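# Residue-level structural notes
Each chain is listed here by its residues.
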Amino acid sequence: MALDDIIEAIERETAEEIAAIEAAAQRRAAEIRARGAAEAAEIEAEAASARASEAEMGADRIRNRARRDAERQLQTARNAIVAELFDGVRHRLAGLRGSQGYDEALVQLVVEARAALPEATVLRVGTADEALAHALFGDHDVQIVADLDTWCGGRVECSDGRAVDNTIEQRLTRADPHMRRLVLELMPELGGRPHE
(Lines give C-alpha, C1' and ligand atoms only; values in the text may rest on other atoms or scores of the structure.)
Protein backbone atom coordinates (compact mmCIF):
# COMPACT_ATOMS: atom_id res chain seq x y z
CA MET A 1 0.00 0.00 0.00
CA ALA A 2 1.62 3.28 -1.13
CA LEU A 3 1.74 6.33 1.10
CA ASP A 4 -0.77 8.06 -1.17
CA ASP A 5 -3.19 5.15 -0.61
CA ILE A 6 -2.62 5.36 3.14
CA ILE A 7 -3.16 9.11 3.11
CA GLU A 8 -6.29 8.65 0.95
CA ALA A 9 -7.58 6.05 3.41
CA ILE A 10 -6.85 8.39 6.31
CA GLU A 11 -8.65 11.23 4.52
CA ARG A 12 -11.64 8.93 3.86
CA GLU A 13 -11.69 7.83 7.51
CA THR A 14 -11.32 11.47 8.57
CA ALA A 15 -14.35 12.41 6.48
CA GLU A 16 -16.31 9.58 8.13
CA GLU A 17 -15.23 10.76 11.58
CA ILE A 18 -16.24 14.29 10.67
CA ALA A 19 -19.68 13.05 9.62
CA ALA A 20 -19.98 11.11 12.87
CA ILE A 21 -19.22 14.12 15.05
CA GLU A 22 -21.03 16.63 12.84
CA ALA A 23 -24.43 15.88 14.43
CA ALA A 24 -22.99 16.38 17.90
CA ALA A 25 -21.32 19.58 16.73
CA GLN A 26 -24.59 20.89 15.34
CA ARG A 27 -26.35 20.22 18.63
CA ARG A 28 -23.54 21.86 20.59
CA ALA A 29 -23.55 24.91 18.31
CA ALA A 30 -27.36 25.22 18.52
CA GLU A 31 -27.27 24.97 22.32
CA ILE A 32 -24.55 27.60 22.54
CA ARG A 33 -26.42 29.95 20.22
CA ALA A 34 -29.70 29.43 22.09
CA ARG A 35 -28.03 30.00 25.45
CA GLY A 36 -26.32 33.14 24.14
CA ALA A 37 -29.58 34.45 22.66
CA ALA A 38 -31.46 33.75 25.90
CA GLU A 39 -28.79 35.49 27.96
CA ALA A 40 -28.75 38.44 25.58
CA ALA A 41 -32.56 38.70 25.71
CA GLU A 42 -32.53 38.58 29.50
CA ILE A 43 -29.79 41.17 29.70
CA GLU A 44 -31.62 43.41 27.22
CA ALA A 45 -34.82 43.16 29.28
CA GLU A 46 -32.93 44.26 32.39
CA ALA A 47 -31.33 47.12 30.51
CA ALA A 48 -34.73 48.39 29.25
CA SER A 49 -35.79 49.21 32.81
CA ALA A 50 -32.77 51.46 33.43
CA ARG A 51 -32.77 55.21 32.75
CA ALA A 52 -32.78 56.17 29.06
CA SER A 53 -29.22 57.38 28.47
CA GLU A 54 -27.59 55.04 30.96
CA ALA A 55 -29.74 52.20 29.74
CA GLU A 56 -28.60 52.69 26.14
CA MET A 57 -24.90 52.69 27.05
CA GLY A 58 -25.36 49.86 29.54
CA ALA A 59 -27.36 47.78 27.09
CA ASP A 60 -24.66 48.14 24.46
CA ARG A 61 -22.03 46.98 26.93
CA ILE A 62 -24.21 44.10 28.07
CA ARG A 63 -25.04 43.01 24.50
CA ASN A 64 -21.38 43.15 23.58
CA ARG A 65 -20.46 41.11 26.63
CA ALA A 66 -23.18 38.55 25.83
CA ARG A 67 -21.96 38.32 22.22
CA ARG A 68 -18.37 37.88 23.38
CA ASP A 69 -19.43 35.18 25.87
CA ALA A 70 -21.45 33.35 23.21
CA GLU A 71 -18.55 33.59 20.74
CA ARG A 72 -16.13 32.26 23.39
CA GLN A 73 -18.42 29.31 24.07
CA LEU A 74 -18.77 28.63 20.34
CA GLN A 75 -15.00 28.91 19.94
CA THR A 76 -14.54 26.38 22.73
CA ALA A 77 -16.92 24.00 20.94
CA ARG A 78 -15.04 24.48 17.64
CA ASN A 79 -11.71 23.77 19.28
CA ALA A 80 -13.09 20.69 21.05
CA ILE A 81 -14.41 19.27 17.77
CA VAL A 82 -11.14 19.89 15.95
CA ALA A 83 -9.16 18.39 18.86
CA GLU A 84 -11.43 15.32 18.85
CA LEU A 85 -10.88 14.87 15.13
CA PHE A 86 -7.10 15.23 15.41
CA ASP A 87 -7.01 12.81 18.34
CA GLY A 88 -8.77 10.25 16.15
CA VAL A 89 -6.31 10.79 13.29
CA ARG A 90 -3.32 10.58 15.65
CA HIS A 91 -4.69 7.38 17.19
CA ARG A 92 -5.02 5.76 13.76
CA LEU A 93 -1.56 6.89 12.68
CA ALA A 94 0.00 5.64 15.92
CA GLY A 95 -1.19 2.16 14.96
CA LEU A 96 0.37 2.30 11.49
CA ARG A 97 3.44 0.23 12.41
CA GLY A 98 2.77 -3.43 11.79
CA SER A 99 -0.07 -2.75 9.36
CA GLN A 100 -0.09 -3.91 5.77
CA GLY A 101 1.87 -1.46 3.65
CA TYR A 102 3.95 -0.11 6.53
CA ASP A 103 7.25 -1.08 4.86
CA GLU A 104 6.19 0.71 1.64
CA ALA A 105 5.20 3.81 3.62
CA LEU A 106 8.58 3.84 5.40
CA VAL A 107 10.42 3.46 2.10
CA GLN A 108 8.42 6.26 0.47
CA LEU A 109 8.96 8.67 3.37
CA VAL A 110 12.71 7.97 3.50
CA VAL A 111 13.10 8.17 -0.28
CA GLU A 112 11.30 11.55 -0.28
CA ALA A 113 13.59 12.82 2.49
CA ARG A 114 16.71 11.60 0.66
CA ALA A 115 15.49 13.19 -2.59
CA ALA A 116 15.18 16.51 -0.77
CA LEU A 117 18.68 16.15 0.70
CA PRO A 118 20.62 13.69 -1.53
CA GLU A 119 23.97 14.43 0.11
CA ALA A 120 22.70 13.24 3.52
CA THR A 121 25.05 10.90 5.34
CA VAL A 122 22.83 9.94 8.29
CA LEU A 123 19.37 8.38 8.28
CA ARG A 124 17.51 8.49 11.57
CA VAL A 125 14.52 6.16 11.97
CA GLY A 126 12.25 4.97 14.75
CA THR A 127 13.81 2.74 17.36
CA ALA A 128 11.41 -0.05 16.37
CA ASP A 129 12.47 0.26 12.71
CA GLU A 130 16.19 -0.38 13.11
CA ALA A 131 16.25 -3.88 11.60
CA LEU A 132 13.83 -2.89 8.84
CA ALA A 133 15.88 0.22 7.99
CA HIS A 134 19.09 -1.84 7.77
CA ALA A 135 17.31 -4.34 5.50
CA LEU A 136 15.85 -1.62 3.29
CA PHE A 137 18.63 0.99 3.27
CA GLY A 138 21.73 -0.75 4.61
CA ASP A 139 23.39 -0.79 1.19
CA HIS A 140 22.74 2.93 0.59
CA ASP A 141 25.77 5.03 1.45
CA VAL A 142 24.20 6.29 4.70
CA GLN A 143 24.70 5.67 8.43
CA ILE A 144 21.48 4.35 10.01
CA VAL A 145 20.70 5.55 13.52
CA ALA A 146 17.56 4.23 15.22
CA ASP A 147 16.82 6.86 17.84
CA LEU A 148 13.60 8.60 16.74
CA ASP A 149 10.29 8.32 18.54
CA THR A 150 8.10 8.22 15.43
CA TRP A 151 5.13 6.31 14.02
CA CYS A 152 6.78 6.03 10.60
CA GLY A 153 9.34 7.83 8.44
CA GLY A 154 12.76 9.20 8.97
CA ARG A 155 15.09 12.15 9.20
CA VAL A 156 18.12 12.57 6.97
CA GLU A 157 21.05 14.76 8.02
CA CYS A 158 24.24 16.16 6.54
CA SER A 159 27.47 16.76 8.42
CA ASP A 160 26.97 20.54 7.91
CA GLY A 161 23.78 20.49 10.02
CA ARG A 162 21.19 20.50 7.24
CA ALA A 163 18.37 18.02 7.79
CA VAL A 164 15.02 16.96 6.37
CA ASP A 165 12.43 15.49 8.71
CA ASN A 166 9.88 13.40 6.81
CA THR A 167 8.06 11.55 9.56
CA ILE A 168 4.30 11.04 9.72
CA GLU A 169 4.19 13.34 12.75
CA GLN A 170 5.97 16.13 10.86
CA ARG A 171 3.65 15.70 7.88
CA LEU A 172 0.62 15.83 10.18
CA THR A 173 1.96 19.06 11.71
CA ARG A 174 2.36 20.57 8.25
CA ALA A 175 -1.17 19.44 7.28
CA ASP A 176 -2.75 20.85 10.46
CA PRO A 177 -3.88 24.25 9.04
CA HIS A 178 -5.30 22.61 5.92
CA MET A 179 -7.18 20.01 7.95
CA ARG A 180 -8.62 22.70 10.25
CA ARG A 181 -9.87 24.61 7.21
CA LEU A 182 -11.38 21.38 5.82
CA VAL A 183 -13.21 20.69 9.09
CA LEU A 184 -14.78 24.15 9.05
CA GLU A 185 -15.73 23.80 5.37
CA LEU A 186 -17.41 20.46 6.10
CA MET A 187 -19.19 21.84 9.18
CA PRO A 188 -20.26 25.36 8.15
CA GLU A 189 -22.66 25.71 11.08
CA LEU A 190 -19.62 26.22 13.27
CA GLY A 191 -18.44 29.19 11.20
CA GLY A 192 -15.31 31.15 12.02
CA ARG A 193 -11.90 29.57 12.57
CA PRO A 194 -10.61 27.60 15.55
CA HIS A 195 -7.78 29.15 17.52
CA GLU A 196 -4.40 27.78 16.53
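Residues numbered from 1 in each chain as written. Predicted model: local features only at pLDDT ≥ 70, side-chain atom pairs only at ≥ 80, totals over all residues. Heavy atoms only, no water.

### Concerning the overall build of the chain
- Per the secondary structure count, the chain includes five helices and four strands.
- Ordered by position from the N terminus, the helices and strands of the chain form the series α-α-α-β-α-β-β-β-α.
- The buried share among the 196 residues of the chain stands at 38%.
- Of the contacts made within the chain by residues no fewer than 6 positions apart, 65% connect residues no fewer than 24 positions apart.
- When the accessible surface of the chain is summed, it comes to about 11100 Å², and 52% of that surface belongs to carbon and sulfur atoms. (Helix = DSSP H or I, 4+ residues; strand = E, 2+ residues; numbered from the N terminus. Buried < 20%, exposed > 50% of the residue type's maximum accessible area, 1.4 Å probe, protein only. Contact = heavy atoms within 4.5 Å. Areas by Shrake-Rupley, 256 points an atom, 1.4 Å probe, with all protein chains shown as cover.)

### Some remarks on the sheet that holds strand β4 (residues 163-167)
- Strand order in the open sheet formed by four strands is β2-β1-β3-β4, with mixed pairing between adjacent strands. The sheet is open, and its two edges are formed by β2 (143-148) and β4, each paired on a single side. Strand after strand, the sheet turns through a mean of 20 degrees between neighbouring axes, direction not considered.
- Where strand β1 (residues 122-126) meets strand β3 (residues 153-157), four bridges bridge the pair, whose relative direction is antiparallel. Within β3, the residue paired with V125 across the bridge is G154.
- Sheet strands in contact with helix α3 (residues 102-116) are β1, β3 and β4, and its direction is about 20 degrees off that of β3. (Pairing = 2+ DSSP bridges. Axes fitted to C-alpha atoms, helices over the stretch in contact; angles between N-to-C directions.)

### What to know about the side chain of R114
- Along the chain, R114 falls in helix α3.
- Notably, R114 is buried but unbridged: the nearest opposite-charge side chain belongs to D141, and the N-O separation is 6.7 Å. (Lys, Arg positive; Asp, Glu negative; His and termini not counted. Salt bridge = Lys/Arg side-chain N within 4 Å of Asp/Glu carboxyl O.)

### Quick notes on the environment of D141
- Along the chain, D141 falls in the loop between α4 (130-137) and β2.
- With 20 residues separating them along the chain, D141 and T121 place their C-alpha atoms 7.1 Å apart.
- Not counting the four nearest positions on each side in its chain, D141 is found in contact with R114 and A120.

### Section: the pattern of salt bridges
- In this structure the tally under the stated criterion is 10 salt bridges.
- With its nearest N and O atoms 2.2 Å apart, the salt bridge here joins R72 to D69. A residue pair is termed a helical-turn pair when its members lie 3 or 4 positions apart in one helix, as R72 and D69 do in helix α2 (residues 52-94) at three residues.
- Note on D69: relative accessible area 24%, which makes it partly exposed.
- Among the ionic pairs, D160 bridges to R162, the shortest N-O distance being 2.8 Å.
- Taken together, the shared-partner salt bridges in this structure form one network comprising R124, D147, R155 and E157.

### Notes on the side chain of T167
- Turning to its location among the elements, T167 is positioned in strand β4.
- A distance of 3.1 Å separates the side chain of T167 from the side chain of D165, its partner in a polar contact.
- At 3.1 Å, the side chain of T167 forms a polar contact with the backbone nitrogen of Q170.
- Dropping the residues within four chain positions of it, T167 is found in contact with L148, T150, C152, G153 and G154. (Polar contact = N/O pair within 3.5 Å; in protein donor to acceptor, adjacent residues only side chain to side chain.)

### Describing α3
- The end-to-end C-alpha distance of α3 is 21 Å, a good match for the 21 Å that 15 residues give at a rise of 1.5 Å each.
- Every buried residue belonging to α3 is among Y102, A105, L106, L109, V110, A113 and R114, and all of these are buried. Projection of α3 onto a plane perpendicular to its axis shows the buried side chains occupying an angular sector of 160 degrees, all on one side. (Expected span 1.5 Å × (residues − 1). Arc of directions from axis to C-beta.)

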